[in-house]
Each structure stands twice: as C-alpha cells, then as structure tokens.
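Residue strings, one per chain:
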Amino acid sequence: MGPDQHAQLDDFGLAFPFPYRVAALLLAGFWGWGVNLKYLLSYNVDLASLIRYPPRQASHQEPHHTSAFRLATVLSVPLGLSFLFFSITTRGTVEQVERLDIIPQSYFVIALFLLILPVNPVSRSGRRRFLLTLKRISIGGLAETQDGKFGDVLLADALTSYAKVLADLYVTFCMFFTGGISSTSQPDRMCGKDYIVPTIIAIPSVIRLRQCLTEYLRARRAGLSRENSKANQHLANALKYSSAFPVIILAAKVRNYNPMEFYEISEIGVSRILHFFALINSSYSFYWDITKDWDLTLFTSARADPDHPFGLRRHRYFSDRQYYSAIVIDFFIRFSWLSKFVTGLTWLSEKESGIFILLSLEVARRWMWVFLRSEAELIRNSRGPVPDDIRLGEINGKLDAD
C-alpha cells in the first residue's frame, strides 16, 4: 500500500468498501429487471413477449418475474454473507479492510460461476438467454425483430447506463492485482493504462452505435426511401451515441491534464469544452428519451392536441402523473453532472459517497426508462408506429421478399 492510502480511505469507504459498491450496483440490475417484468405485466404489458422470450406453456410453470427474482436472490445471498463475514473479520479497521480485499473480490468470481455454470438449475433458460444476448450484442450484433431485437436493444441500452460501473469493476481487479494497493482502498480510476477506463466506458456506446447503423442498413436494403420510411432516424440515433465520445475523451484528458497535448488551451479551457459537449450529449439524450423512446409529444407540434394531456400521447397504460414524474426525473438525472457547479452539491462529483449516489441514480433512471420504453414498444406493435417512426413490419416484409 502507498504511504497515504490510510489517510485517503474515508468512513464511507470503511463501511461500504469499493468492491461491494460495484457488486451492489450490478445486482440492482437483476432485481430491477424482475420488477420491470412483474409490474409491467400488472399493467398488461407483457415484457417477456416483447423480447420474444418463450411463453410459459403450463400453468405450473412460474412467471418470468419469479424466475428473475430467484436468480437475483441466488446472486444476492453470497454477497450478503461475504459482506457480513468481511465486516466481522475486519471490524472496520483500515489495516484489515485493505489487507483482506480478497474476500469482497472473490464474490465476483462466485457470481460469475453462478451465472455461467450449466449445472446450476436456477433460472437456467433465463441465464442462457441473457448470456447469448450479451454475447451477440458485445460486438454490436442485433437480432432480427422476430428473434428478439427489442431485447438486444434493451440490454445494450442498459449497458450504457452501466458503463461507469463496468469500468469500476475493472478498477477493482486492477487494484487487486497491483502491488502496493488494495481493491478496498480509495479507488484509483487511473489504475493500469490511462486509456483503459475511458475505453471501457465508451464500449457500450460503440455497441449501440453499431446497432443503429445495422438498423439503418437493413432499412436501406429493404428498399425504403428515406423520405417515406424515415430510416435516417437510425442515423440520428447513432449520432446521439456518438455524442458521448467527446465527453468520455475530454473527461479523461481533464483528469490527466497535459498542457503539451493542448498547446495553448489551459486546463480550464479544456474543462469548458468538456462541459459544452456534455451539455449537447445530455440535451440530445433527454430529447430522445422523451420523443423517440417514449413516443411522448412534449417536444413536438402535437404537444397540445386535444386528444391527450399536454405533452403526452393518446394511448397510455400509466397514470398521467407517472409520465410527468418520469420526464422530470429523467431530466434531473440526465443533467446531474451539473451538480458540480451548485454550491453544497459539489461533493456528489468529488467524494466516493457522492459518486456512488450518482451511479445509483443512473441505474434507477434506466430501470424507470424500461417501463415507458416497453409500453411504447407494445403500442407500436399493437396500434402501429407513431408518426415519423419506421414501419418495422414493412421492412421485415420486404427483407423476406428479397
């Protein structure tokens, strides 16, 4: 350990060590998926059907959300036991917390085996579907609509919200295998090569970018004109994901500022450029969430149509208050990085407790996003696409004819 590691590790890091924070956020995704399945079904939105998951054929088969909750429980129990054992063993002392980092780090190995072992009977088909989908999208692959394209999009979009969590997962192992430092010490997000963490953060956006380009090429191959099919909407979506790259690159440069790389641009100047691109990315993403992913009319000329409440749409499965709440929540979390400019909130971007809160909020935002995105998908499938949307059925029909 470095000579100043003990001084850097704060009370939050002692009570809730870095690897456990990463594990908790990863597990939140499994629990959130179960909640999505359960409560969407209560609103007559069959998410399992939307992602083309095989239906339950017999009455004795458990619902999909029950299977998801069981897998989440199986993954959570070892984490709870590990945390309890670690807390009792270390007794909250800095030396022991940093010396016994193998305990929390070993949980990730256990969780991986629970996910990939074929002999594990818990949620076997669900785990297999998840791993196959993850394998396909890991290179930007995209299934056909009838084979579960929507599921590929949901998982890839979820990865963009988990980008920094996945980078932190790498950091825990990098610190664990680096001499003189512990994975339970103050996180060193420059561990390893300077470019590794930014690259990991960028990968999910690269995946979605390639998926968008794949959809665009499929539409063009089907022979649909740009004017009638609006296939260029996929290019606009690709541009949205591309807007994340300047933010990722500049954030890394600010963190490791080298005046030789920017000639006469000061560190403050680079920070201002970073904030400019962050504003573009957040604004573009917020607009896309509301208008394209959720099919709401807030940013369209139809916002005040008399056939629906202001800014919403005609067909709705949830209460009006839930839509308005989702819009407000999505806005504040999309722009949560602005907290660094608000007196009294700068700790959110400076302290590990604040960083954990921001990461948790982004995971929660994605969980909320799935509800409205899935509802919009069901409405498109059952009532047809909204204006400016792409008629996927028409595209698939032309592809089959070819």
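Reading the values: the criteria
- Residues numbered from 1 in each chain as written.
- Predicted model: local features only at pLDDT ≥ 70, side-chain atom pairs only at ≥ 80, totals over all residues.
- Heavy atoms only, no water.
- Helix = DSSP H or I, 4+ residues; strand = E, 2+ residues; numbered from the N terminus.
- Buried < 20%, exposed > 50% of the residue type's maximum accessible area, 1.4 Å probe, protein only.
- Contact = heavy atoms within 4.5 Å.
- Areas by Shrake-Rupley, 256 points an atom, 1.4 Å probe, with all protein chains shown as cover.
- UniProt positions renumbered as here; feature names shortened; annotations may be inferred.
- Core = buried A, V, L, I, M, F, W, Y, C linked by side-chain atoms within 4.5 Å.
- Domains from an automatic or database assignment.
- Phe/Tyr/Trp six-rings, centres within 6.5 Å; stacked < 30°, edge-to-face > 60°.
- Lys NZ or Arg CZ within 6 Å of the ring centre and 35° of its normal.
- Salt bridge = Lys/Arg side-chain N within 4 Å of Asp/Glu carboxyl O.
- Axes fitted to C-alpha atoms, helices over the stretch in contact; angles between N-to-C directions.
- Parallel < 35°, antiparallel > 145°, perpendicular 65-115°, else oblique.
- Left-handed = near helix turned anticlockwise from the far one by under 90°.
- Nonpolar A, V, L, I, M, F, W, Y, C, P; charged D, E, K, R; others polar.
- Polar contact = N/O pair within 3.5 Å; in protein donor to acceptor, adjacent residues only side chain to side chain.
- pLDDT = per-residue confidence, 0-100.
- Disulfide = S-S within 2.5 Å.

(A) Looking closely at the overall build of the chain. The number of helices and strands found in the chain is 20 helices and 0 strands. In the chain, buried positions account for 46% of the 402 residues. Pairs at least 24 apart in sequence give 70% of the contacts found in the chain among residues at least 6 apart. Of the roughly 20400 Å² of accessible surface on the chain, 63% is carried by carbon and sulfur atoms.

(B) Summary view of the UniProt feature "transmembrane region" (unreviewed entry) in the chain. Mapped onto this numbering, the UniProt entry annotates "transmembrane region" (unreviewed entry) at residues 20-41, 68-90 and 102-119. Helix makes up 100% of residues 20-41 and strand 0%. Its end C-alpha atoms lie 32 Å apart. In residues 68-90, the share of helix is 100% and the share of strand is 0%. The end C-alpha atoms are 33 Å apart.

(C) Spotlight on the nonpolar core. Membership of the largest hydrophobic core comes to 38 residues, with the highest contact counts inside it found for L75 and Y107. Looking at this core, the elements that each hand over two or more residues are α3 (18-42), α5 (64-90), α6 (94-99), α7 (102-116), α10 (163-176), α11 (196-221), α14 (244-255) and α19 (352-383). Residues lining this core come from more than one domain, with at least three contributed by each of domain 1 (11-167) and domain 2 (267-381). What L75 contacts, discounting residues up to four positions off in sequence, is L27, F30, Y107, A111, L114 and L115. Grouped together as the second largest cluster of nonpolar side chains are 34 residues, L40, A48, A68 and W369 included.

(D) Local environment of the packing of aromatic side chains. The tally for this structure, following the rule as stated, stands at 21 aromatic pairs. Look at F331 and F332: their rings are 5.5 Å apart centre to centre, the planes differ by 80°, and that puts the pair in the edge-to-face class. Judged by relative accessible area, which is 34%, F331 ranks as partly exposed. Taking the relative accessible area as the measure of exposure, F332 reaches 55% and is therefore exposed. Through a chain of ring-to-ring contacts, three or more aromatic side chains come together here, namely F12, F16, Y20, F83, F86 and F356. Across from the ring centre of Y39, 5.8 Å away, lies the NZ or CZ of K38, which sits over that ring. Directly above the ring of W369 sits R366, whose terminal nitrogen or CZ lies 4.5 Å from the centroid.

(E) Inspection of the environment of I379 at higher detail. One can find I379 in helix α19. The exposure class assigned to I379 is buried, which follows from its relative accessible area of 8%. Each C-alpha atom of the pair I379 and H315 lies 7.4 Å from the other, and the pair is 64 residues apart in sequence.

(F) Region of the structure containing the pattern of salt bridges. A full pass over the atoms with the stated rule returns 16 salt bridges. In this structure, E352 engages R189 in a salt bridge whose closest nitrogen and oxygen atoms are separated by 2.8 Å. With E352 in helix α19 and R189 in the loop between α10 and α11, this residue pair connects regions lying 163 residues apart in the sequence. By relative accessible area, E352 is classed as buried at 7%. What you see here is one network of salt bridges that share partners, running through D289, D330, R334, E362 and R365.

(G) Region of the structure containing the packing of α7 against α10. Interhelical geometry of α7 versus α10 gives an angle of 130° and a closest axis separation of 11 Å. Viewed along their axes, α7 and α10 adopt a mutual orientation that is oblique. Crossing angle aside, the handedness with which α7 passes α10 is left-handed. Taken together, the residues of α10 that come into contact with α7 (itself represented by I102, Q105 and F108) are L169, T172, F173 and F176. Tallied by class, residues from the contact of α7 with α10 come to 5 nonpolar, 2 polar and no charged.

(H) The side chain of T184, seen in detail. Tracing the sequence through the fold places T184 in the loop between α10 and α11. A distance of 2.8 Å separates the side chain of T184 from the side chain of S182, its partner in a polar contact. Filtering out sequence-adjacent residues up to four positions away, T184 remains in contact with L9, P17, P19, F86, V97, E98, D101 and P104.

(I) The arrangement of the confidence of the model for the chain in detail. Mean pLDDT over the chain stands at 90; residues scoring 70 or higher make up 90%. Looking across the chain, the model is least confident in helix α20 (residues 392-401), with a mean pLDDT of 40, and most confident in helix α17 (residues 320-334), with 98. Throughout residues 1-7 the model reports pLDDT below 50, and contacts reaching past four residues in sequence, or to other chains, amount to 13 contacts.

(J) Here's a closer look at the state of the cysteines. Here the structure, examined in full by the defined rule, presents 1 disulfide. In this model, C174 is linked to C191 through a disulfide, with the two sulfur atoms separated by 2.0 Å. Here the S-S torsion is close to -85°, and the disulfide linking C174 with C191 is therefore left-handed. A residue pair is termed long-range when its members are at least 10 positions apart, and C174 in helix α10 and C191 in the loop between α10 and α11 qualify at 17 residues.

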